[in-house]
Amino acid sequence: MNQRVALVTGGTGGIGEAICKRFIDDGYKVVAAYNNKEKAEAWQAVQRQAGLDINIVYCPVTDFDACGVAIKWVEDHVGPIDILVNNAGITKDGAFKKMTAERWDAVIDTNLNSVFNMTRQVFEGMMERGFGRIINISSINGQMGQFGQCNYSAAKAGMHGFTKSLARETARKGVTVNTLSPGYVATPMVMAIAEEVRQQIEQGIPMGRLSTAEEIAHGVSFLASELSSYTTGSELSINGGLFMH
Ligand code: CAA
């Protein structure tokens, strides 16, 4: 069998980087989609020095046509996409009374509309080939809400509604669609939360610590594997016990 091809949006940092590295270990051809060329090229060089051959492609996930161009580049240069991880995401936190339309739109565009922009252009090919894995990286805060995150929580909850609907449409064609909802992971995004607030959050986590990005990537690896063929429409929570439901 040919090596599977995996495309990870937001692949050059945080959780995305850990997913790319794990996918290399799992034997896939990996493409990290990026938004910042300079950062991505430097990142790729570091990975190469470490012996990891990870392709990169420019892919501003808020732009449907640009996503199409990136997807075509991957198909032409690496191969048909078997695994898509919709991981790109941003925060623009603030109490709702201060929430501007700009902050709302930016988060909905980057975290939710991106899922449409990418998935719409790969899932039919997956169904035609009879294999596909679509993995949407959501968040615990899409499940339980968080003060200051109306925009982010709405986008992340929306991802799971999308997952459950598309899973029904692809279920008989070998294409699974799942959500993974991380809790608080030690990435720059979480480390940017005010120290005092972060400490309070950490104290509330039953395991008493943040997750590593590798612990999240392990769950992604599970969802991507051939043997996860009966897992679809599910939401895998990896949150140290912070939200049990
Ligand atoms: N709970 C209860 N009340 C809070 C509060 C909280 N967490 N945060 C602020 N408030 C209160 C303030 O005391 C203040 O009260 P008064 O008006 O009575 O004075 C009011 O709400 C407004 O506070 P601020 O002016 O500080 O509000 P702000 O708009 O500047 O921002 C915030 C508040 C910085 C967003 C803060 O609520 C916060 O840090 N929340 C946590 C955000 C968070 O967890 N983000 C996660 C980012 S990482 C991520 O998202 C990854 C993932 O998937 C988990």
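Our subject in this report is the structure included herewith. (Residues numbered from 1 in each chain as written. Predicted model: local features only at pLDDT ≥ 70, side-chain atom pairs only at ≥ 80, totals over all residues. Heavy atoms only, no water.)

Each helix and strand in the protein chain was counted, giving 10 helices and seven strands. Dimensions along the principal axes, computed over C-alpha positions, put the protein chain at roughly 50 × 40 × 35 Å. Each of the 245 residues in the protein chain was classed as buried or not, and the buried ones make up 48%. Contacts spanning at least 24 positions in sequence make up 73% of the contacts within the protein chain whose residues lie at least 6 apart. By element, 52% of the accessible surface of the protein chain is carried by carbon and sulfur atoms, the whole surface being about 11,900 Å². Each charge class in the protein chain was averaged separately, 22 positive and 25 negative side chains, and the resulting centres sit 3 Å apart. (Helix = DSSP H or I, 4+ residues; strand = E, 2+ residues; numbered from the N terminus. Buried < 20%, exposed > 50% of the residue type's maximum accessible area, 1.4 Å probe, protein only. Contact = heavy atoms within 4.5 Å. Areas by Shrake-Rupley, 256 points an atom, 1.4 Å probe, with all protein chains shown as cover. Lys, Arg positive; Asp, Glu negative; His and termini not counted. Charge placed at Lys NZ, Arg CZ, Asp CG, Glu CD.)

A few words now on the environment of Gly-94. Along the chain, the position of Gly-94 falls in the loop between strand 4 (83-86) and helix 4 (101-119). The buried category is assigned to Gly-94, whose relative accessible area is 15%. Gly-94 sits 56 residues away from Cys-150 along the chain, and the two C-alpha atoms are 8.3 Å apart. Every residue in contact with Gly-94, bar those within four places of it in the chain, is listed here: Met-99, Arg-103, Gly-148 and Gln-149.

For the rest of this paragraph, the subject is the sheet that holds strand 3 (residues 55-58). Here we have seven strands laid out as an open sheet, ordered 3-2-1-4-5-6-7, and parallel in their pairing. Looking at strand neighbours, the two that pair on one side only are strand 3 and strand 7 (235-238), the edges of this open sheet. Strand-to-strand, the axes of this sheet are offset by a mean angle of 20°, without reference to chain direction. Looking at chain direction, strand 1 (residues 5-9) and strand 2 (residues 29-34) are connected through five bridges and run parallel. Looking at the pairing, Val-5 lines up with Lys-29 of strand 2. Most of the contacts of helix 1 (residues 14-25) go to strand 1, to which it runs at about 170°, and overall it touches strand 1, strand 2, strand 4, strand 5 (132-137) and strand 6 (175-182). (Pairing = 2+ DSSP bridges. Axes fitted to C-alpha atoms, helices over the stretch in contact; angles between N-to-C directions.)

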